[in-house]
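An overview of the molecular structure
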Amino acid sequence: MLIKGELLYEGKAKKVYRTDDPDCYLVEFKDDATAFDGLKKGTIARKGEINTRLSALLFTMLAGQDIPTHFIEQTGPREMLVKAVKIIPVEVVARNIAAGSLAKRLGLEEGTVLKRPVLEFYYKSDELHDPMINNYHIAALELATATQIKEMESYAWKVNELLTGFLQPANLVLVDFKLEFGLYHDRVLLADEISPDTCRFWDSSSGEKLDKDRFRRDLGGVEDAYEEVLRRVESLCG
Ligand code: TMP
């Protein structure tokens, strides 16, 4: 059993602790929810537990399909052991259907199926409010090497394909999602979390939103939506 050490980092939804093994961190998931850069604050009951479980199940599924991830094991209801990665400060967003900021930016009606999926990069910077950037900005700011960018792109496409197919039998449409990657002994690993905080999931028959948009847009039924996604994903995992 690893010993929880110094708090390394506290974000809006998670805390990361050192352990007595320099190659492992403990991640603790919180119920706190923020939106619009922390302007809107709240809590979502059981979110920490649900996002821990969902991330554990989805990272395990992806690892089985040759996506290298930071996930080692779930060590408690809201706690997981991960490889001690250094997060690359680039958020990778993949989109299949126009929603959220893309719908707004390009004047598309939310729900418009994109002719081809889209990948976007955002610079992870609270002060700058995570501006959208491209490969040239990433190179100019030395946020990642050209090879690392290629790897992140190729993993993001593969995750899109795998997750979309995986969720389909549970009547969940993967509208879009955000990934973060980290460096571990010079290798790029998928990191952070995969949850209704970081993905848009719509029910395939009703189009009902089953993700954090219920919180962002005050749609009600936030907790139920998170519980529902967990139930459906668990049913896929047997
Ligand atoms: P967006 O449409 O607001 O740009 O969001 C795109 C996807 O990224 C969506 O699935 C939600 C996720 N996301 C995060 O995980 N963190 C964030 O801070 C934001 C803005 C979006």
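Our subject in this report is the structure included herewith. For every chain, the first residue of its written sequence is number 1, and the numbers climb from 1 along that sequence. Thresholds applied to this predicted model are a pLDDT of at least 70 for local features of residues and 80 or more for the giving and counting of side-chain atom pairs; totals over whole chains, interfaces and linings are not thresholded and use all residues. Only hydrogens and water are set aside; all other atoms, that is, all heavy atoms of the structure, feed into the side-chain values.

**As for the site of the ligand**
We apply this condition: In this text, near means that some heavy atom of the residue lies within 4 Å of the molecule or strand in question. Polar contact criterion, stated in full: a pair of N or O atoms within 3.5 Å, where within protein one must be able to donate a hydrogen and the other to accept it, and residues adjacent in sequence count only if both atoms are side-chain atoms. Comment: elements are numbered from the N terminus, with helices defined as DSSP H or I runs of at least four residues and strands as E runs of at least two. Under the scheme applied here, ten amino acids are nonpolar (Ala, Val, Leu, Ile, Met, Phe, Trp, Tyr, Cys and Pro), four are charged (Asp, Glu, Lys and Arg), and all others, including Gly, are polar.
Contacts to the ligand come from 13 residues, most closely from Arg-95, Ser-101, Asp-176, Lys-178 and Arg-200. Contacts to the ligand include Arg-95, whose side-chain N or O atom sits 2.8 Å from an oxygen atom. Contact distances for the ligand include 2.9 Å between an oxygen atom and a side-chain N or O atom of Arg-200. Elements with a minimum of two residues in the shell around the ligand: β9 (90-97), α2 (100-106), β12 (172-184) and β14 (199-203). Per-element tally for the shell around the ligand: the top contributor is β12, with three residues. Of the residues in the shell around the ligand, the class split is four nonpolar, three polar and six charged.

**Quick look at the side chain of Lys-212**
For clarity, the cut-off: Type-normalised accessible area, obtained with a 1.4 Å probe on protein chains alone, sets the label of each residue: buried when under 20%, exposed when over 50%, and partly exposed for intermediate values. In this charge count, Lys and Arg are treated as positive and Asp and Glu as negative; neither His nor the chain ends contribute. Any Lys or Arg side-chain nitrogen located within 4 Å of an Asp or Glu carboxyl oxygen qualifies as a salt bridge. Pairs of residues are marked as contacts when any of their non-hydrogen atoms sit within 4.5 Å.
Structurally, the position occupied by Lys-212 is in the loop between β14 and α5 (213-216). Asp-197 is the oppositely charged side chain nearest to the buried, salt-bridge-free Lys-212, at an N-O distance of 4.9 Å. For Lys-212, the residues in contact, after removing those within four places along its chain, are Thr-34, Pro-196, Asp-197 and Tyr-226.

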